[in-house]
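# Examining the three-dimensional arrangement
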Amino acid sequence: MSEEKSKAEGPVVIKKYANRRLYNTQTSSYVTLDHLAAMVKEGTEFEVQDARTGEDITRSVLTQIIFEEEAKGQNLLPIKFLRQLIRFYGDSLQAFVPGYLDMSMESFTKNQGELRDRIAEAFGGGNQMVENLTRQNLQLFENAMAMFSPFGAAGAGARSPAPAAEKPSSSEVDSLKQEMEAMRRQLAELSQRK
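All figures in this text were calculated on a predicted structure; none of them were measured in a lab. (Residues numbered from 1 in each chain as written. Predicted model: local features only at pLDDT ≥ 70, side-chain atom pairs only at ≥ 80, totals over all residues. Heavy atoms only, no water.)

### Some words on the confidence of the model for the protein chain
The criterion, for reference: Confidence per residue, as judged by the predictor, is encoded in pLDDT with a range of 0 to 100. Whether two residues are in contact is decided by their heavy atoms, any of which lying within 4.5 Å being enough.
Model confidence for the protein chain is summarised by a mean pLDDT of 78, while 76% of its residues fall at 70 or above. Considering only residues more than four positions removed or in separate chains, one finds that residues 1-7, a stretch of pLDDT under 50, has 6 contacts. Note that residues 152-165 has pLDDT below 50 and, in this model, 6 contacts with residues that lie over four places away or in other chains.

### Focus on helix α5 (residues 97-121)
Just so we agree on the cut-off: Runs of H or I in DSSP of at least four residues are treated as helices and runs of E of at least two as strands, each being numbered from the N terminus. The length a helix should cover is 1.5 Å for every residue beyond the first. Here's how the labels work: a residue is buried when its accessible area is under 20% of the maximum for its type, exposed when over 50%, partly exposed in between, all with a 1.4 Å probe on protein chains only.
With 25 residues, α5 ought to run about 36 Å at 1.5 Å a step, and its terminal C-alpha atoms sit 36 Å apart, in line with that. Within α5, burial applies to V97, Y100, S104, N111, L115 and I119.

### Side note on the sheet that holds strand β4 (residues 46-50)
For the record, the criterion: Two strands are counted as paired when DSSP detects at least two bridges linking them. Fitted lines through C-alpha atoms give the axes, limited to the stretch in contact for helices. The angle between two N-to-C directions lies from 0 to 180 degrees.
Strand order in the open sheet formed by 4 strands is β3-β2-β1-β4, with mixed pairing between adjacent strands. Every other strand in the sheet has two partners, leaving β3 (29-31) and β4 as the edge strands with one partner each. Direction aside, the axes of adjacent strands within the sheet are offset by 35 degrees on average. Two elements, strand β1 (residues 12-16) and strand β2 (residues 22-24), share 3 bridges in a ladder whose sense is antiparallel. By the bridge assignment, K16 is partnered in β2 with L22.

### Describing the side chain of Q49
Which entries qualify depends on this criterion: Pairs of N or O atoms are called polar contacts if they sit within 3.5 Å, as long as, within protein, a hydrogen donor faces a hydrogen acceptor (for residues adjacent in sequence, only side-chain-to-side-chain pairs).
Relative to the helices and strands, Q49 is located in strand β4. On the accessibility criterion, Q49 (15% relative accessible area) is buried. Here K15 takes part through its side chain, which lies 3.2 Å from a polar atom of the side chain of Q49. In contact with Q49, other than residues within four places in its own chain, are V13, I14, K15, K16, G54, E55 and I57.

### Regarding the pairing of β1
The pairing of β1 with β4 spans 5 bridges and is classified as parallel. Pairing of K15 across the sheet is with Q49, part of β4. Between the antiparallel neighbours β1 and β2 lie 5 residues, among them R20 with a positive phi of about 75 degrees.

This is the structure we're talking about:
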């Protein structure tokens with residue numbers, strides 16, 4: 001209900017002061033980056049403004065939240081992805097990247113919902129399904145990033161035509177197992193909240 005109220009009234013305005021303190025104008029209280037991260041997870045829309053200039057600084061604050069999560073050891077963004085992303089700054093395809101990433105995340109979120117539904121239906125047999133969907137999403141994302149790289153066409157031709165057919169290395173399997181365990185924990189937390 002609070003999400004519907006927030007959408008009807010517009011985003012919650014968060015003011016960021018020179019001393020780096022964040023002030024939620026809706027609740028009239030100071031908040032932290034952890035509070036903002038929780039708001040994002042709840043689906044609450046907010047806009048962060050510089051208290052002095054009124055400038056919208058939401059993007060930099062969201063980036064700061066991601067940086068802090070990564071520093072805590074969450075490691076959601078692979079190094080290869082971060083390097084590719086940095087390469088796009090100043091590139092002629094830079095304007096296309098945000099839209100593509102939005103589309104990719106929407107697709108991933110849709111698959112994530114389907115995955116949760118399937119696991120709920122057949123909890124015992126979900127491991128292989130999780131691995132397959134994870135592989136599909138990673139492959140889709142890697143293929144898309146290769147298309148956008150400056151040497152995308154040349155790099156794609158140099159690769160084997162069916163990378164999905166290759167047997168994953170033990171480190172990749174271990175990494176996928178760790179990701180699956182993290183997803184299981186998140187699913188357990190979500191089911192306990194309901």
